[in-house]
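Okay, here's what each chain looks like letter by letter:
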Amino acid sequence: MCRAEVAACGVMAEDSTRAFQAGQTGLIVRIPEAEPSVRGWRERLDPSAQAGVPAHVTVLFPFLDESRIDTLVHAALADVLVSHDAFDLRFERCGRLPEVLYLAPEPDKRLRQLTEAIADRWPEAPPYGGRYAEIVPHLTIAQGQEDTVLEEVAADLAGSLPFTAHVSSVELIVHDGTKWQERASFALGG
């Protein structure tokens, strides 16, 4: 989850203990192939990592409150996601947003399509809470840091790029008031 997503919660990135609320949910694509390169930086510089979220690209945050997620929502998510085939991503470069450093997935069209399909099915859950018009798929490494810190991290990561990741599922994660927990995994088609 990026700074925009933390900002959507109305808190500062530095306060990871209050950045997320119990019952919040999100849909993510795990990128375990990134962990060896990014884990140390994310644990230090990304509040979502400190709250238990693995290396990932967000598909939709925030999603529906946990109290609204029942068997019908699970079935609808499964239907929406299975209509999209599994795919590969390549991570070759870092990207920047204000005070954010991320790895850029390429091509990102399939990620955007997943986000759009879910947001179309649940218009009450627009990406980033509706605060930002553009969908920018990314794997956040650091946020809320000075440019010099972000430049140091980017230089360190350059030696571990590129790598490829296979995307075959989307995970539903829920914040329990302390940490993010995986609640369900939905397979993509193909």
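See the structure shown above.
Summarised in this report is the structure supplied together with it. (Residues numbered from 1 in each chain as written. Predicted model: local features only at pLDDT ≥ 70, side-chain atom pairs only at ≥ 80, totals over all residues. Heavy atoms only, no water.)

### Here's the deal with the overall build of the protein
The condition that has to hold: Strands here are runs of E lasting at least two residues and helices are runs of H or I lasting at least four, both read from the DSSP assignment and numbered beginning at the N terminus. Any residue under 20% of the maximum accessible area for its type is buried, any over 50% is exposed, and the rest in between are partly exposed; the area is computed with a 1.4 Å probe on protein chains only. By definition, residues are in contact when any of their heavy atoms lie within 4.5 Å. Charge counting follows a simple rule: Lys and Arg are positive, Asp and Glu are negative, and His as well as the terminal groups are ignored. A charged residue contributes its charge at one atom only: NZ of Lys, CZ of Arg, CG of Asp or CD of Glu.
Across its full length, the protein carries 6 helices and 8 strands. Starting at the N terminus, the α and β elements of the protein follow one another as α-β-α-α-β-α-β-β-α-β-α-β-β-β. Every one of the 190 residues in the protein was classed for burial, and the buried ones make up 51%. Considering only contacts within the protein whose residues lie at least 6 apart along the sequence, 75% involve residues at least 24 apart. Considering the protein, the positive charge centre built from 17 side chains and the negative charge centre built from 29 side chains are found 1 Å apart.

### What about the pairing of strand 6 (residues 163–167)?
We apply this condition: Strand pairing is defined by DSSP finding a minimum of two bridges between the two strands.
Here strand 6 shows a buried face lined by Phe163, Ala165 and Val167 and an unburied face lined by Thr164 and His166. Summarising the sheet, strand 3 (residues 87–97) and strand 6 pair through 5 bridges and their orientation is antiparallel. When the bridges of strand 6 are listed, Arg90 appears paired with Thr164.

### Considering the environment of Arg121
Within the secondary structure, Arg121 sits in helix 5 (residues 109–121). Note on Arg121: relative accessible area 41%, which makes it partly exposed. With residues up to four places along the chain from it excluded, the contact list for Arg121 reads Ala76 and Val80.

### Brief notes about the nonpolar core
Rule in force here: In this description, a nonpolar core means a group of buried Ala, Val, Leu, Ile, Met, Phe, Trp, Tyr and Cys residues linked to one another through side-chain atoms lying within 4.5 Å.
With 45 residues, the main nonpolar core has Ile31, Phe63, Ile118 and Leu139 as its most contacted residues. Top contributing element to this core by residue count: helix 4 (residues 71–82), with 5 residues. Not counting residues up to four positions away in its chain, the partners in contact with Ile118 are Leu27, Val59, Leu60, Phe63, Leu77, Val80 and Leu81. Counting 8 residues, the second-largest nonpolar core is a separate cluster that includes Ile28, Val53, Phe61 and Ile173.

### Details of the pattern of salt bridges
Put simply, the test is: Only one rule defines a salt bridge in this text: a Lys or Arg side-chain nitrogen within 4 Å of an Asp or Glu carboxyl oxygen.
This structure, assessed with the given rule, holds 9 salt bridges. Residues Arg183 and Glu66 are paired through a salt bridge, measuring 2.3 Å at the closest nitrogen-oxygen approach. Within this pair, whereas Arg183 is found in strand 8 (residues 180–187), its partner Glu66 is found in the loop between strand 2 (56–60) and helix 4, the two being separated by 117 residues in sequence. Overall, Glu66 belongs to the partly exposed group, its relative accessible area being 31%. Taking the shortest distance from any N to any O, the salt bridge between Glu92 and Arg90 comes out at 2.5 Å. A residue is classified by how much of its surface remains accessible, and Glu92, at 41% relative accessible area, is partly exposed.

### Observations concerning the sheet that holds strand 2
For the record, the criterion: The convention used is that axes are lines fitted to C-alpha atoms, helices contributing only their stretch in contact, and that angles between N-to-C directions extend from 0 to 180 degrees.
With antiparallel pairing, 4 strands are arranged side by side in an open sheet as 2-1-7-8. Looking along the sheet, the strands with just one partner apiece sit at the ends: strand 2 and strand 8. Here the average twist between neighbouring strands, direction ignored, is 35°. Relative to strand 8, strand 7 (residues 169–175) runs antiparallel, the two sharing 7 bridges. Looking at strand 8, one finds that Val170 is bridged to Phe186.

### Notes on the packing of helix 2 (residues 35–45) against helix 6 (residues 147–158)
Short version of the rule: Just so you know how the angles are binned, under 35 degrees is roughly parallel, over 145 roughly antiparallel, 65 to 115 roughly perpendicular, and the rest oblique. Handedness of each helix crossing follows the sense of rotation of the near helix against the far helix: counterclockwise by less than a right angle gives left-handed, clockwise gives right-handed.
Packing of helix 2 against helix 6 brings their axes to within 10 Å, and their N-to-C directions diverge by 165°. As the angle between them shows, helix 2 and helix 6 are arranged roughly antiparallel. The two elements helix 2 and helix 6 cross, and the hand of that crossing is right-handed. The residues of helix 6 that touch helix 2, namely those facing Ser37, Val38, Trp41 and Leu45, are Val149, Glu152, Val153, Asp156 and Leu157.

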